[in-house]
Amino acid sequence: MVSRPDRLLRGRDVPLSASFLELFFDLAFVLALSQLAQHLLHDLTVSGALRTALLLAGVWWIWVTTTWFADWYNPDTPLVRAVLVAATLASLLAGVAVPQALDGRGVLFAGAYVAVHLIRGVVTGVALRGHPRQPRALRILCWFSVSAVPWLAGAFLPEWRVPLWVLALAIDLTGPRLGWPTPWLGRAGQEELHLAGEHFAERYQQIMIIALGELVLVAGLTYGGTRLDLAETVAFLLVFTTAVLTGLLYVTPAGLRLAPAIERAGSSRLGVLTGYLHLVMVAGIVVTAVGAELSIAHPTVVGDTRASMVVLGGPMLFLAGRIVFSLAIHRRLSWPRVVGLLALAGAAVVLRLPLLAVSAVATGVLLVVTALDQAGISTSAGRPR
């Protein structure tokens, strides 16, 4: 007879495809990513970019840890479903708080962030009482309890909010890399941190589609608010092409080979690393969405250095994350992507051109990289790149 704790854990007979509630949970990130893009749009400075990155990392870590939770526990059990619903609500509240999280809504953002992690930890820690997997839940709960202190302190101390939240995020992002070492409980073993490659790869593809959906949505809404003249139409088509190329660059081929790579790794290292790398790629898509709004709404503006850097910076961030992503999976560099990244970095010379031309340069570089990637895949007869 299967014990109650064993029923809570994901068994071999549980399908690895994402459950309905996992997909429902993803919907909260439609709002969060949209709010983050607007947050950056209203403060196109280095300080504004770093503040947006801080909030994005917090929102992202809710998604990653909830995906781990759904990978380890049976999504068909009422307790797991309840936790997923609670995580969805907390994610929505964090998204609502994003525009003013570093000002007047810090308590809402930090409270939602802390609540989702502590509730999940308490529920699993209690439900697994006496089970060999209970120490894993307790270790994670201990680490999030420690990081909750700077999260909540920063919420109530506005002048110290940014450094305290940076400290809290450093604790949260470091924990899984170290195996959440905890006094009296030790460090989690590799068996405890095993991730199902098929489930995780599918979840990453789904969240990348959510991010690309935000890019397409911004492009459509911005274009719909213009006069639909030639320059604006060309800018819209360039953004759409960029979205298509970004999707192709993600899935071809490493995005489709992530599942067997995680399984072959035999440890949590690759699963944790891909969480960090997808954060970089999602950040690139968020910045690209901001650049899309600027280039479609103001295609003929000349000499706007900040806007031009955003238009180029989004694809640069995505390519940087994508290069290391392939390196982590295949231990090989994709030279077309490296050259493309360098080309975008060198495109600073076009910053004094109209935004439409800057957007055309960014899209052109992605097009060449994609074409070279496809040609390389064909000539290598399917060998990993």
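What this report covers is the structure whose coordinates are included nearby. It should be emphasised that the depicted structure is a prediction, and the values quoted were computed from it without experimental measurement.

1. Let's talk about the overall build of the chain
Looking only at helices and strands, one finds 13 helices and 0 strands in the chain. Mapped from its N terminus to its C terminus, the chain presents α and β elements in the order α-α-α-α-α-α-α-α-α-α-α-α-α. Counting only C-alpha atoms, the chain reaches 70 × 55 × 35 Å along its principal axes. Out of the 385 residues belonging to the chain, those deemed buried represent 56%. Put simply, of all contacts in the chain between residues at least 6 apart along the chain, 81% involve residues at least 24 apart. When the accessible surface of the chain is summed, it comes to about 16400 Å², and 69% of that surface belongs to carbon and sulfur atoms.

2. Some words on the packing of helix H5 (residues 106-127) against helix H6 (residues 134-156)
Their axes nearest at 9 Å, the elements H5 and H6 cross at an angle of 165°. Regarding the angle of H5 to H6, the classification is roughly antiparallel. Seen from above, H5 lies across H6 with left-handed handedness. Residue composition of the contact of H5 with H6, grouped by class: 16 nonpolar, 8 polar and 1 charged.

3. A word on a nonpolar patch on the surface
The grouping of Val107, Leu152, Phe156, Leu157 and Trp160 at the surface amounts to a nonpolar patch, some 510 Å² of accessible area in total. Mapped onto the elements, Leu152 comes out in helix H6.

4. Looking at the packing of aromatic side chains
On inspection of all chains with the given rule, the structure shows 16 aromatic pairs. Taking 5.9 Å as the distance between ring centres and 15° as the angle between the ring planes, the aromatic pair formed by Trp61 and Tyr276 counts as stacked. With Trp61 in helix H3 (residues 46-72) and Tyr276 in helix H10 (residues 269-297), this pair connects stretches of sequence that are 215 residues apart. For Trp61, a relative accessible area of 1% translates into the label buried. Look at Trp151 and Trp165: their rings are 5.2 Å apart centre to centre, the planes differ by 50°, and that puts the pair in the tilted class. One end of the pair, Trp151, is in helix H6; the other, Trp165, is in helix H7 (residues 161-178), with 14 residues separating them in the sequence. Like Trp165, Trp151 is buried.

5. As for the nonpolar core
Counting 118 residues, the largest nonpolar core has Trp60, Trp68, Tyr73, Phe109, Trp151 and Trp165 as its most contacted members. At 17 residues, the largest contribution of residues to this core is made by H10. Setting aside its immediate chain neighbours within four residues, Trp151 contacts Phe109, Ala110, Tyr113, Val114, Trp165, Ala168, Leu169 and Asp172.

6. Quick word on the side chain of Gln206
Its location among the elements puts Gln206 in helix H8 (residues 197-224). The exposure class of Gln206 is buried, given its relative accessible area of 18%. Within the structure, the side chain of Gln206 is placed 2.9 Å from the side chain of Glu202, a separation counted as a polar contact. In this structure Gln206 touches Ala18, Leu23 and Asp26, once residues within four positions along its chain are discounted.

7. Notes on the packing of H6 against H7
Packed helix pairs are characterised by how far apart their axes lie and by the angle those axes make with each other. Here H6 crosses H7 at 165°, and the two axes come no closer than 7 Å. Classified by the interaxial angle, the pair formed by H6 and H7 is roughly antiparallel. Crossing geometry of H6 relative to H7 is assigned as left-handed. Each of Trp143, Phe144, Val146, Ser147, Pro150, Trp151, Ala153, Gly154 and Ala155 in H6 lies in contact with H7, whose residues at this interface are Arg161, Leu164, Trp165, Leu167, Ala168, Leu169, Ile171, Asp172, Thr174, Gly175 and Leu178. For the contact of H6 with H7, the class distribution of residues is 14 nonpolar, 4 polar and 2 charged.

8. As for unusual backbone geometry
Although it is not a glycine, Trp180 adopts a positive phi angle of roughly 50°. As for its position among the elements, Trp180 is in the loop between H7 and H8. Phi angles above zero are rare outside glycine, and Trp184 is one such case at about 70°. When you line up the elements, Trp184 lands in the loop between H7 and H8. With relative accessibility at 89%, the residue Trp184 sits in the exposed group.

9. Considerations on the pattern of salt bridges
Across all of its chains, the model carries 4 salt bridges by this definition. Salt-bridge contacts for Asp229 lead to Arg227; the nearest nitrogen and oxygen are separated by 3.3 Å. Classification of Asp229 by relative accessible area gives partly exposed; the value is 27%. For the salt bridge of Arg337 with Asp373, the shortest nitrogen-to-oxygen distance reads 2.6 Å. Within this pair, whereas Arg337 is found in helix H12 (residues 335-346), its partner Asp373 is found in helix H13 (residues 355-379), the two being separated by 36 residues in sequence. With respect to burial, Arg337 and Asp373 carry one shared label: buried. Among the charged side chains, a salt-bridge network with shared partners connects Glu22, Asp26 and Arg203.

10. Section: helix H4 (residues 78-97)
Note: α-helices contain 3.6 residues per turn, so residues at a spacing of three or four share the same orientation. For H4, with 20 residues, the first-to-last C-alpha span of 29 Å sits near the 28 Å given by 1.5 Å per residue. Turning to H4, its buried residues are Val80, Val83, Leu84, Ala87, Thr88, Ala90, Ser91, Ala94, Gly95 and Ala97.

11. Considerations on the environment of Val339
Here Val339 is to be found in helix H12. Note on Val339: relative accessible area 52%, which makes it exposed.

About the thresholds
- Residues numbered from 1 in each chain as written.
- Predicted model: local features only at pLDDT ≥ 70, side-chain atom pairs only at ≥ 80, totals over all residues.
- Heavy atoms only, no water.
- Helix = DSSP H or I, 4+ residues; strand = E, 2+ residues; numbered from the N terminus.
- Buried < 20%, exposed > 50% of the residue type's maximum accessible area, 1.4 Å probe, protein only.
- Contact = heavy atoms within 4.5 Å.
- Areas by Shrake-Rupley, 256 points an atom, 1.4 Å probe, with all protein chains shown as cover.
- Axes fitted to C-alpha atoms, helices over the stretch in contact; angles between N-to-C directions.
- Parallel < 35°, antiparallel > 145°, perpendicular 65-115°, else oblique.
- Left-handed = near helix turned anticlockwise from the far one by under 90°.
- Nonpolar A, V, L, I, M, F, W, Y, C, P; charged D, E, K, R; others polar.
- Patch = residues over 30% accessible without salt bridge, like charges linked within 9 Å, V, L, I, M, F, W, Y side chains within 5 Å.
- Salt bridge = Lys/Arg side-chain N within 4 Å of Asp/Glu carboxyl O.
- Phe/Tyr/Trp six-rings, centres within 6.5 Å; stacked < 30°, edge-to-face > 60°.
- Core = buried A, V, L, I, M, F, W, Y, C linked by side-chain atoms within 4.5 Å.
- Polar contact = N/O pair within 3.5 Å; in protein donor to acceptor, adjacent residues only side chain to side chain.
- Expected span 1.5 Å × (residues − 1).

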